[in-house]
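Observations on the three-dimensional arrangement
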Amino acid sequence: MFEALQEQPKDKILALMQMYRDDPRMTKIDLGVGVYKNADGHTPIMRAVKTAEQQWWNREDTKTYVGLAGDPAFNDAMVDLVLSDSVMRDNVASIATPGGTGAVRQGFELIRMASSKAVIWVSDPTWPNHISILKYLGMPTRTYRYFNAQTGTVNFEGMRQDLSEAKPGDVVLLHGCCHNPTGANLTMDQWGQLVTLMQDKDLKPMIDIAYQGFGDGLDEDAAATRLVASSLPETLIAASCSKNFGIYRERTGILMAVAQGESVKMAQDNMAFLNRQNYSFPPDHGARLVTLILSDDNLRADWQAELKDVRNGMLRLRTALAGELKRLTNSDRFDFLANHRGMFSRLGLTTDQVETLRSDHAIYMVGDSRINIAGLNDDTIPVLAKAIVKVAS
Ligand code: PMP
């Protein structure tokens, strides 16, 4: 039977990772894959995670299954982290999932079960896996304009115009903060206008929040999600713990459905059903660490302090890169880099220019010119800036 299988499209980012590994040049710079790295290029285990792991190793006395929806304490802690008191806890159905990707996948499947005709509107561009999973699931998808590559800012007018074509019941997929791949985000005022548009047209928001704490702060980064969830009767939220807890390989995430009345229980039952069909019990180890950290004052304070350092480090790199490019170009063309938030920014270079950066300068970034800011350090910023100016002029 396997001879009938067909070649699947390669994941471009994973292919880029391999090319980088195979490149023998000592001066190579990896700005590709979306993993946080410190100035030494290392992805450290956060202090609080290590401590929680030690504590849990001492305390854990069974490996029996946990609940189908995950450990309720994890779900409570995460609902609180993301939504705080913006909605009543009784209005939130939730399941633990393998990473944010698992939450996104389960969210899409829930939509398909509830409303198979609903069109999913995704930003152009968006995280490529959104589109890939939607295509795999055969779900109707359309794009809305999002990014102005000339200015490096959100094309809000274009976004509004495109979404005005959406039909009642259609789903709008939004990035809660730190938009991937552009780094450009809506202002709170624009989020407010978007809420009104979704209310007027009876659109259903689905928010993917994979970088809470990487932008301006834990509460600041969740503010848009909280606004949407508290303003509309139904909101789906897929949250990842991979980045903000640095537990990528533990596969820790959560899908939340904010709903009203009887729908909460119906959503909860269907979400647990989806877990059962797809992988039965969700992974527990990462979720356990998150729960321990969020429910212990000392661990939580330490985690927040380290996350703040990570965030400020990236903000500092952004400002430094924008400053260096300003100095070299004598223009404000790249000022947007300092205004972007999160781990990524789209530089606005052509595919050829990105290719030249790789071949001539050993600088690796995704083909759409998305860079991982955390891949930089004080030594590589001038190198990158010089190379950008060289290929872009
Ligand atoms: N959504 C977005 C926008 C992302 O960038 C990512 C990570 N690349 C995810 C979801 C999921 O991440 P994970 O499955 O590793 O938690």
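What you see is a predicted model; the values in this text were computed from it and never measured.

Here the bond from Asp-124 into Pro-125 is cis, since omega is 5°, no more than 30 degrees from zero. A cis amide bond, omega 20°, links Asn-180 with the succeeding residue Pro-181. Tracing the backbone shows Pro-181 in the loop between strand S7 (171-175) and helix H7 (188-201). Even without being glycine, Cys-178 reaches a positive phi, approximately 50°. Residue position: Cys-178 is located in the loop between S7 and H7. Here Cys-178 falls in the buried class, since 25 other C-beta atoms lie within 10 Å of it.

Domain boundaries assigned for the protein yield domain 1 (10-44 + 312-392) and domain 2 (65-295). Each of domain 1 and domain 2 has a C-alpha centre, and these two points are 28 Å apart. On the side of domain 2, 21 residues touch domain 1, which itself brings 18 residues to the contact. The leading source of residues in the side of domain 1 that touches domain 2 is strand S11 (residues 344-346), at three residues. When grouped by side-chain class, the residues that make up the side of domain 1 that touches domain 2 number eight nonpolar, six polar and four charged.

The local shell around the ligand holds 14 residues, among which Gly-99, Gly-100, Thr-101, Ser-240 and Ser-242 are the closest. Examining the composition of the shell around the ligand, we find that four residues originate from one element, helix H4 (residues 99-114), more than from any other. When its residues are assigned to classes, the shell around the ligand shows four nonpolar, nine polar and one charged.

A few words now on the pairing of strand S10 (residues 253-258). Burial within S10 is extensive, with six of its six residues counted as buried. Residues of S10 alternate between two faces, with Gly-253, Leu-255 and Ala-257 on one and Ile-254, Met-256 and Val-258 on the opposite face, all of them buried. Bridge count between strand S2 (residues 92-97) and S10: six bridges; the pairing is antiparallel. Paired with Ala-93 across the bridge in S10 is Ala-257. The pairing of strand S9 (residues 235-240) with S10 spans six bridges and is antiparallel. Looking at the pairing, Thr-235 lines up with Val-258 of S10.

All right, on to the sheet that holds strand S3 (residues 120-124) then. Taken in spatial order, the seven strands make up an open sheet running S2-S10-S9-S8-S7-S3-S4, and their pairing is mixed. Strand pairing shows two members of the sheet lacking a second neighbour, S2 and strand S4 (141-145), which therefore form its edges. Between one strand axis and the next, the sheet turns by 25° as a mean value, whatever way the strands run. Along the sheet face, helix H3 (residues 72-83) touches S2, strand S8 (204-209), S9 and S10 and points at about 115° away from the line of S2. Packing against the sheet, H4 makes contact with S2, S7, S8, S9 and S10, and its axis sits at approximately 160° to S9.

Before going further, it helps to examine the nonpolar core. Grouped together as the largest cluster of nonpolar side chains are 105 residues, with contacts concentrated most on Met-78, Val-82, Ile-237, Met-271, Val-290 and Met-343. Ranked by residue count, the leading element in this core is helix H11 (residues 297-329), at eight residues. A domain split of this core shows at least three residues from each of domain 1 (10-44 + 312-392) and domain 2 (65-295). Aside from chain neighbours lying at most four places away, what touches Val-82 is Ile-209, Gln-212, Ala-222, Thr-225, Ile-237 and Ala-239.

Conventions used here
Residues numbered from 1 in each chain as written. Predicted model: local features only at pLDDT ≥ 70, side-chain atom pairs only at ≥ 80, totals over all residues. Helix = DSSP H or I, 4+ residues; strand = E, 2+ residues; numbered from the N terminus. Buried ≥ 20, exposed ≤ 12 C-beta atoms within 10 Å, placed from the backbone. Domains from an automatic or database assignment. Contact = placed C-beta atoms within 7 Å. Nonpolar A, V, L, I, M, F, W, Y, C, P; charged D, E, K, R; others polar. Near = placed C-beta within 6 Å. Pairing = 2+ DSSP bridges. Axes fitted to C-alpha atoms, helices over the stretch in contact; angles between N-to-C directions. Core = buried A, V, L, I, M, F, W, Y, C linked by C-beta atoms within 7 Å.

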